[in-house]
Amino acid sequence: QVQLVESGGGLVQAGGSLRLSCAASGRILSISAMGWYRQAPGKQRELVAAITRGNSTTYADSVKGRFTISRDNAKNTVYLQMNSLKPEDTAVYYCNADLTLYGPIRTYNSWGQGTQVTVSS
């Protein structure tokens, strides 16, 4: 089995910063794309940022210039550095990964359990 475990969420004032981490574990041969999504109450889940194994990145327009996604392939971990946070960034943040697993070999898409980020005004 595979697990994605997120950490780093919490409560912060507007203008503050948080750093989210997501570590993947299990029968992992490799991880291609990794990403962060968020879902605010009453809204659909949306892509925040994504990164390929070769470190090509994509960002939602609403977070460009404020958030930075990065990864450590040796640790199977993806990070999201969030600066200049706004109240509208309040949401549950989910990690996602496209994995190749062994035993047997197969591709698999996995989600983390989510971590709450709350930005107060």
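All figures in this text were calculated on a predicted structure; none of them were measured in a lab. (Residues numbered from 1 in each chain as written. Predicted model: local features only at pLDDT ≥ 70, side-chain atom pairs only at ≥ 80, totals over all residues. Heavy atoms only, no water.)

Student: Pulling in residues and values, what's your account of the environment of Ser-32?
Tutor: By the element assignment, Ser-32 lies in strand β4 (residues 28-39). When the C-alpha positions of Ser-32 and Ile-69 are compared, they lie 14 Å apart, and in sequence the two are 37 residues distant. Those residues in contact with Ser-32, other than ones at most four positions away along the chain, are Ile-51, Thr-52, Arg-53, Arg-71 and Asp-98. (Helix = DSSP H or I, 4+ residues; strand = E, 2+ residues; numbered from the N terminus. Contact = heavy atoms within 4.5 Å.)

Student: Hey, could you go over the sheet that holds strand β1 (residues 2-7) for me, with residue numbers and the actual values?
Tutor: Strand order in the open sheet formed by four strands is β1-β3-β8-β7, with antiparallel pairing between adjacent strands. At either end of the open sheet lies a strand with only one pairing partner, and these are β1 and β7 (67-72). On average, each strand axis in the sheet is inclined to that of its neighbour by 15°, with strand direction left out of account. Judged from the six bridges that link them, strand β3 (residues 18-26) and strand β8 (residues 77-82) form a sheet pairing that is antiparallel. Bridging from a neighbouring strand, Ser-21 pairs with Tyr-79 of β8. (Pairing = 2+ DSSP bridges. Axes fitted to C-alpha atoms, helices over the stretch in contact; angles between N-to-C directions.)

Student: Run through the pattern of salt bridges, naming residues and quoting values.
Tutor: A complete count under the given rule lists four salt bridges for this structure. A salt bridge links Asp-61 to Lys-64, with the nearest nitrogen and oxygen atoms 3.1 Å apart. With a shortest N-O distance of 2.8 Å, Asp-89 and Arg-66 are connected by a salt bridge. In this pair, Asp-89 is assigned in the loop between β8 and β9 (91-101) and Arg-66 in the loop between β6 (57-59) and β7, connecting sequence segments 23 residues apart. What makes Asp-89 buried here is its relative accessible area of 0%. Taken together, the shared-partner salt bridges in this structure form one network comprising Arg-38, Glu-46, Arg-66 and Asp-89. (Salt bridge = Lys/Arg side-chain N within 4 Å of Asp/Glu carboxyl O. Buried < 20%, exposed > 50% of the residue type's maximum accessible area, 1.4 Å probe, protein only.)

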